[in-house]
Amino acid sequence: MSVKFNGKYLKGFVSQAEFDNVYPQVELCHNILHAKSGAGNDFLGWLDLPFSYDKEEFARIKKAAEKIRSDSDVLLVIGIGGSYLGARAAIEYLGSMQYNDLSGLKVYFVGNNISPDYLNNILKLCEGKRLSVNVISKSGTTTESALAFRVFKKLMEERYGKKEAAKRIYATTDKARGTLKNLSDREGYETFVVPDDVGGRFSVLTAVGLLPIAAAGFDIDKLMAGAQNACKEYEVLSPDNDCYKYAAARNILLRKGKAIELMACYDADWTLMNEWYKQLFGESEGKDQKGLFPASVIYSTDLHSMGQFVQDGSRTMFETVIDIKAPKQDFFLEEDPENADGLNFLANQNMSIVNANAMKGTILAHNDGGVPNIVIELDGKDETTLGHAIYFFEKACAISGYMLGVNPFNQPGVEDYKRNMFALMGKPGYEAQREELLKKLGE
């Protein structure tokens, strides 16, 4: 088992009787999910994806990744939301936050904001470098990513000419229609598919995430093998299903007034996985005026900024602690003859032991302060464990969303801010709304 639910630090906050009492709801949600009879059932392609994925496309992904690594210094991944978060999270977790400083191929993510400074800095990093582009968009018209692709398409064509540029641009988009698909067919870009039945936040195990991850040098066969292990393990309906225990615990704590889930990890390389988790759960559960608010911290760093609040602030949260059992490489702490800093009590052991004790001590302190802690244990920082963890959280999110009584697979609220953005940016067809918004802004 690569991923394990540890509920020992819920003692005094959630009883076994509560788990037993909520289990019939878990059972109902499991049956609805697997019968594909619930809300959003047209977006359940992720459920059996670890086994049903397109094997021919998977082989093409590996071949394209090999080509990118052989002919490029930089891969630009253009996308926003689920079109970049999963891939970036996986790369930084498997390769470290310093991946681009330590690797041959640099992977830069663009099109996830509208900051001119960010764009200009990426352009500077591309100077004199051999480039490839992976543009990821179902439609090809999402503002942030389409704007970035316009810039980098022009750069590629000016640098290489249209014919050679087309060999270095890879589009992950709709299989049959849309602006980006039509452009790709016309220009001759190699294309990969964003499946119709997999929403963006569930798409990391599709070409959306797999091509950048493979290009970064990680083994996507092992990643999918880990997801397959999880798929088989969590299809079993049982009170011992760790994925379902996590979903149940979240809902029990929410009903007790714990409105914030704070994901914590004692490894900085989990930072972007925190961001992926926040999109997955925030976009899936935050609707109909319901849902847990997903927040995150990296300890022990954030103990020196958020520790006071977590320990002694309003009792509205619980923590989900990601416990990575083994680092990729440990560090042995030696004694200092002078011991001027008084830290020799930490010497003659691996640094991971110190980090583990910091975690245990903090969990106990937060428990004493009235903060329930769920611990999710991961075997290590490898592709198989990560694939397992990705599927674990995706399925837990689906079960938890159904328990909450929402459709976990839509995002109706996203359209509200888009309409306002389009109006204020002057998009044709939004003239009346623009005037109304300018009045509200006093402009």
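The structure presented is a predicted model; accordingly, all values stated were derived computationally and were not measured.

Some details on the overall build of the protein
Counting secondary structure elements, the protein contains 18 helices and twelve strands. Radius of gyration (C-alpha) of the protein: 23 Å, near the 22 Å computed for a compact globule of 443 residues. Its C-alpha atoms give the protein principal-axis dimensions of about 65 × 60 × 55 Å. Scored against the burial criterion, the 443 residues of the protein give a buried share of 51%. When the accessible surface of the protein is split by element, carbon and sulfur atoms take 52% of a total near 20000 Å². Side chains of the protein give 51 positive and 60 negative charges; the mean places of these two sets differ by 6 Å.

With respect to the packing of aromatic side chains
If you walk through the whole model with that rule in mind, you get 18 aromatic pairs. With 5.2 Å between their ring centres and 90° between their planes, Tyr-93 and Trp-270 make a pair best called edge-to-face. One end of the pair, Tyr-93, is in helix α4 (residues 85-95); the other, Trp-270, is in the loop between β7 (260-265) and α13 (271-285), and 177 residues separate them in sequence. As far as the burial class goes, Tyr-93 and Trp-270 line up, both buried. In this structure an aromatic cluster arises from ring pairing among Tyr-234, Tyr-246, Tyr-277, Phe-281, Phe-392 and Phe-393.

Details of the nonpolar core
In this structure, Trp-46, Tyr-246, Trp-270, Ile-376 and Phe-393 are the most contacted members of the largest nonpolar core, which totals 97 residues. Examining the composition of this core, we find that twelve residues originate from one element, helix α16 (residues 383-404), more than from any other. Among all residues touching Ile-376, those that are not within four sequence positions of it are Val-3, Lys-4, Phe-5, Tyr-246, Thr-320, Val-321, Ile-322, Asp-323, Phe-392 and Phe-393. Within the second largest apolar cluster, 22 residues are counted, among which are Ile-78, Tyr-108, Leu-131 and Leu-155.

Section: the sheet that holds strand β5 (residues 169-173)
If you trace the five strands from one edge of the open sheet to the other, you get β3-β2-β4-β5-β6, paired in parallel fashion. A single partner strand is all that each edge strand has here, and the edge strands are β3 (106-110) and β6 (190-193). Neighbour-to-neighbour, the strand axes of the sheet open up by a mean angle of 20°, direction not taken into account. As judged from the four bridges shared by β5 and β6, these two strands associate in the parallel manner. Bridge pairing in β6 links Tyr-170 to Glu-190.

A closer look at the state of the cysteines
Tallied over the entire structure, the rule returns zero disulfides. Counting only cysteine sulfurs, Cys-397 is the nearest neighbor of Cys-243, a cysteine outside any disulfide, at a range of 9.9 Å.

So, the side chain of His-30
Turning to its location among the elements, His-30 is positioned in helix α1 (residues 16-35). Classification of His-30 as buried rests on a relative accessible area of 7%. Other than its neighbours up to four places away in sequence, His-30 contacts Glu-235, Leu-237, Tyr-244 and Ile-399.

Some remarks on the layout of surface pockets
In this model, the largest pocket occupies a volume close to 1300 Å³. Together, 45 residues line the largest pocket, and Ile-80, Ser-137, Ser-139, Thr-142 and Lys-418 are the ones closest to its centre. Element by element, the count of residues in the lining of the largest pocket is highest for helix α17 (residues 414-425), at eight residues. A class-by-class count of the residues in the lining of the largest pocket yields 18 nonpolar, 17 polar and ten charged. Taken together, 29 residues make up the lining of the second largest pocket; nearest its centre are Tyr-266, Pro-327, Met-351, Ser-352 and Asn-355. Of all the secondary-structure elements, those providing two or more residues to the lining of the second largest pocket are β9 (317-324) and α15 (351-368). Class assignment for the residues of the lining of the second largest pocket results in 17 nonpolar, four polar and eight charged.

Procedures and definitions
Residues numbered from 1 in each chain as written. Predicted model: local features only at pLDDT ≥ 70, side-chain atom pairs only at ≥ 80, totals over all residues. Heavy atoms only, no water. Helix = DSSP H or I, 4+ residues; strand = E, 2+ residues; numbered from the N terminus. Rg over C-alpha atoms; globule rule 2.2 N^0.38 Å. Buried < 20%, exposed > 50% of the residue type's maximum accessible area, 1.4 Å probe, protein only. Areas by Shrake-Rupley, 256 points an atom, 1.4 Å probe, with all protein chains shown as cover. Lys, Arg positive; Asp, Glu negative; His and termini not counted. Charge placed at Lys NZ, Arg CZ, Asp CG, Glu CD. Phe/Tyr/Trp six-rings, centres within 6.5 Å; stacked < 30°, edge-to-face > 60°. Core = buried A, V, L, I, M, F, W, Y, C linked by side-chain atoms within 4.5 Å. Contact = heavy atoms within 4.5 Å. Pairing = 2+ DSSP bridges. Axes fitted to C-alpha atoms, helices over the stretch in contact; angles between N-to-C directions. Disulfide = S-S within 2.5 Å. 1 Å grid on protein atoms, 1.4 Å probe; cavity = no way out; pocket = protein on both sides within 12 Å on 5 of 7 lines; lining within 4 Å. Points joined across faces, edges and corners; volume = space filled by probe spheres on them. Nonpolar A, V, L, I, M, F, W, Y, C, P; charged D, E, K, R; others polar.

Purely spatial values, then, with no claim about function.
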